[in-house]
Amino acid sequence: MLSRLFAIALFTACAFCVSISPAVEEPKDKDKPKEKAKEKGKPNKLAKESSPYLLQHAYNPVNWYPWGPEAFEKAKKEKKLIFLSIGYSSCHWCHVMERESFSNADIAKILNDNFVCIKVDREERPDIDDIYMTALNVTGIDGGWPLSMFLTPEGKPIFGGTYFPPEDKKVGDDTITGFKTVLNKVIEFDKDRADLLKQADIIAEKTVDALEANSRLVALVPINRELVSDALEFFDIDPEHGGTGSKARMYRGTKFPRPPVWSFLLSQSNKPGNEALKKKVTLTLTKMLEGGIYDQLGGGFHRYSTERTWTVPHFEKMLYDNAQLVELYSEAFALDARPEYKRVVTETLGFIKREMTSPEGGFYSALDADTNHNEGEFYVWTLAEIKKILGNDADTALIRAVYGIGAPNFEEKFHILRLPKPLAELAKEQKLTEAELLAKLEPLKKKLFDARAKRARPFLDTKIIAAWNGQMIAGYAKAGQVFKNKDYTDAAAKAADFILTKMSDKDGRLFRIFAAVPGEKPSAKVPAFIDDYGYMIHGLLNLHDATSDKKWLDAAKQLTDLVVKWYGDPVKSGFYFTASDAEKLFARAKDSYDGVQPSGNAQMARNLLRLWQKTKDDTYRDRSIRTVKAYALALKMNPTSMPAMLRCLDELLDAAGEPEKPAPKDKPDVKRPKESADVVSSKLTLDPAKDGKRAFTLALEVEAPWHLYANPVGLELLAESQTEVTVFVGGKKVDAKIEYPKGKAITDSTGSKYAVYEGVLAIKGSFPYSEGEVEVRVKIVACKEGTCLKPSMLKLK
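Everything numeric in this text was worked out from a predicted model, so none of it was measured.

Rules and cut-offs
Residues numbered from 1 in each chain as written. Predicted model: local features only at pLDDT ≥ 70, side-chain atom pairs only at ≥ 80, totals over all residues. Heavy atoms only, no water. Pairing = 2+ DSSP bridges. Helix = DSSP H or I, 4+ residues; strand = E, 2+ residues; numbered from the N terminus. Core = buried A, V, L, I, M, F, W, Y, C linked by side-chain atoms within 4.5 Å. Buried < 20%, exposed > 50% of the residue type's maximum accessible area, 1.4 Å probe, protein only. Contact = heavy atoms within 4.5 Å. Salt bridge = Lys/Arg side-chain N within 4 Å of Asp/Glu carboxyl O. Disulfide = S-S within 2.5 Å.

A. Up close: the sheet that holds strand β11 (residues 364–367). The strand order across the open sheet built from five strands is β10-β11-β14-β15-β16, with neighbouring strands paired in antiparallel fashion. Two strands in the sheet have a free side with no partner beyond their single neighbour: β10 (317–318) and β16 (523–527). Sheet topology note: the strand β14 (residues 460–465)/strand β15 (residues 511–515) ladder contains two bridges and is antiparallel. Opposite Ile464, over in β15, you have Phe514 as the bridge partner.

Rendered as structure tokens:
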């Protein structure tokens with residue numbers, strides 16, 4: 001049963017991936033008559049919620065429950081499985097599944113008769129989202145939203161996926177499993193509830209292991225300058241369009257701005273010897289502001305680019321992206337005063353003030369990608385529309401030249417405005433200075449902007465989130481400091497006052513959300529998470545930098561004391577995502593991945609460092625060091641996942657020196673090993689071909705005190721570091737049967753158990769015989785207590 005459920009889940013992931021491909025995307029509503037407004041049915045239990053996302057589902061025929069005791073008690077009493085759906089208000093595919101499946105009476109009947117259905121806004125409850133997304137990932141499925149999970153009545157995950165079409169769907173030679181089919185299969189499998197519960201226990205255990213993995217192996221790797229310098233080699237930057245990606249894939253696919261990455265790389269790019277990196281960072285920042293991912297008329301960045309060149313975005317506008325990018329471009333301007341950086345900050349903050357700021361001074365969460373169910377409709381143009389609005393051939397010609405309006409670049413008939421060249425080059429082509437070109441463009445842009453403003457607008461999510469407001473406060477304050485603009489600083493201060501007074505309790509503890517139930521006044525709700533505190537402290541420290549007002553430093557210290565008390569791990573260091581007195585889920589996570597936002601632990605480590613620098617209180621420094629050290633192995637093994645922590649480490653080393661100096665060499669003339677191949681010798685023995693196969697023996701000798709990670713290594717965190725052999729014949733990889741020796745079981749100083757190879761070992765294998773030169777490759781990672789060398793690929797012929 002387990003494999004059959006995973007097969008359904010794999011189809012789910014494929015369904016999501018295929019569905020976002022333009023080749024098979026849903027029919028475009030622009031080409032169809034406008035549908036009648038959907039009549040409201042009977043409200044379900046979401047109608048009394050304040051989350052805009054939950055309210056979007058309040059009149060579904062599905063009997064939705066918000067997350068809470070009532071739903072779980074009902075599931076236990078009626079002995080039903082739980083269907084958990086997680087999304088957010090500006091998620092395009094969440095809207096699609098709501099229209100296709102959750103508004104479908106037949107599907108709703110299946111759900112209501114057989115499951116207790118729970119809907120969660122991931123922006124309100126990121127703790128729930130993180131745990132169940134991790135549960136999906138440990139089953140081998142890539143995540144995304146909407147997240148669709150089936151749970152036991154106790155809340156343990158059984159299996160899941162992302163977007164499902166309502167019915168089975170033929171795409172090329174594949175059939176994508178539909179939601180109705182999935183539901184019926186789960187109902188069938190539920191006849192053996194004991195087997196499902198057993199599976200849930202296994203997945204829950206794996207989820208807990210995965211959530212604890214990065215912070216489990218404490219103190220194995222010293223924190224030193226090499227961790228930072230070595231990490232730079234792992235960021236694969238597109239040399240033509242900027243951004244990170246995969247050279248092997250020609251940098252094709254989606255590109256996220258990922259401000260934590262570029263904040264770290266920007267900080268490194270101005271250091272001696274990093275001139276090549278500086279060019280790549282400048283290229284990236286330039287290409288992003290020139291691309292369609294940036295709203296050339298209204299300012300502000302969309303969420304990500306769907307392709308390599310930053311031309312075609314996913315059109316959501318998220319507060320957290322724009323907040324961080326304002327801070328990033330302000331920092332970039334402070335290092336390299338390019339006028340385009342200042343222009344982007346000015347325009348983006350204009351957008352934030354105009355469209356994302358509440359009367360009280362807090363900042364709203366997001367603008368939807370869709371209008372009238374059409375992705376990007378608010379932002380894209382036809383040439384006929386532009387001509388009609390400008391009413392002048394010369395003006396139209398100028399706009400076409402500046403914004404690259406030639407062949408359509410969206411859905412084969414629409415135009416996304418972008419700068420095909422730097423503005424200075426475009427000005428030169430028009431025989432104008434850059435300032436003259438901008439002045440000439442201004443009234444034309446205003447005409448287009450005013451016409452666009454009359455269109456049906458994307459949905460605005462007006463909930464105020466403490467964490468994201470902290471980042472916007474930081475962005476405003478940094479811009480105020482860099483550009484000496486008091487209006488920016490005042491906006492940051494007003495928002496900070498709002499959060500500290502309207503979104504905290506009598507003890508000063510923060511709430512995450514400020515929102516209104518329909519018909520009621522808005523209020524604060526949901527206890528804050530580590531990112532709410534971390535980002536708010538960051539914002540307050542930036543405000544202190546910009547104003548020197550002790551009020552903001554005192555507020556940052558007060559919030560930090562609360563973080564240490566309620567979120568700190570006194571044993572292994574670092575910080576939990578939830579408070580110690582928060583709702584108990586089946587796992588308690590520690591946030592360490594720096595995705596489009598810094599992890600709570602990276603942000604707190606840097607906050608603590610800055611507090612030490614401001615107050616000279618060594619307690620802050622020591623706690624910062626312990627937090628970084630808790631993730632040292634992850635920084636060594638997977639540095640691209642932790643750029644914000646790398647920036648903190650670099651600043652820590654600049655300010656405090658290396659907490660752990662490498663041990664001096666016994667002999668000055670002994671060469672220090674730099675990579676794993678330096679401590680491993682190897683020999684390949686090939687047997688003659690026999691019965692259409694050829695056998696081989698690969699002998700390895702590992703110098704003491706080093707070891708290699710065995711295969712299998714027995715610990716998920718180290719899976720990518722285990723020894724792995726591949727065989728090539730005539731330059732082509734062949735299927736080979738590899739027999740790895742059993743590793744030596746060890747328990748390290750942190751209590752983690754895994755298997756290693758020490759001394760001499762032999763790996764045997766065989767492969768189908770064919771003509772051509774044989775090459776056996778072995779990937780190795782050599783480590784010893786306290787340090788690891790760079791991975792190596794040994795190639796033997």
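B. Spotlight on the nonpolar core. Membership of the largest hydrophobic core comes to 132 residues, with the highest contact counts inside it found for Leu265, Tyr329, Met472, Tyr567 and Tyr709. Residues contacting Met472, with those up to four places away along its chain left out, are Leu319, Ala323, Val326, Leu349, Ile352 and Phe363. In this structure, Trp93, Met97, Ile118 and Met149 belong to the second largest nonpolar core, which totals 56 residues.

C. Seen up close, the pattern of salt bridges. Enumeration according to the criterion identifies 54 salt bridges in this entry. The salt bridge partner of Lys525 is Glu49, with a shortest N-O separation of 3.9 Å. Here Glu49 lies in the loop between α1 (2–19) and α2 (52–55) and Lys525 lies in strand β16, a separation of 476 residues in the sequence. For Lys525, a relative accessible area of 23% corresponds to the partly exposed category.

D. Here's a closer look at unusual backbone geometry. The step from Trp145 to Pro146 runs through a cis peptide bond, and the omega angle for that step is 5°. As for its placement among the helices and strands, Pro146 is situated in the loop between α6 (126–138) and β4 (147–151). The omega torsion of the bond from Asn711 to Pro712 falls at 0°, within 30 degrees of zero and hence cis. By the secondary structure assignment, Pro712 is in the loop between β19 (707–709) and β20 (724–729). Backbone geometry at Lys431 places phi at a positive 60°, although glycine is not the residue there. Tracing the sequence through the fold places Lys431 in the loop between α16 (423–429) and α17 (434–453). The backbone of Val526 sits at a positive phi, close to 70°, despite the residue not being glycine. Relative to the helices and strands, Val526 is located in strand β16. We classify Val526 as buried; its relative accessible area is 15%.

E. Main features of the state of the cysteines. In total, this model carries one disulfide according to the counting rule given. Residue pairing for Cys91: its cysteine sulfur links by disulfide to Cys94, the two sulfurs lying 2.4 Å apart. On the sign convention where negative means left-handed, the S-S torsion of about 80° between Cys91 and Cys94 marks this disulfide as right-handed. Taken individually, Cys91 and Cys94 each receive the classification buried, so the pair is uniform in this respect. Cys117 forms no disulfide, and the closest cysteine sulfur to it belongs to Cys94, at a distance of 16 Å.

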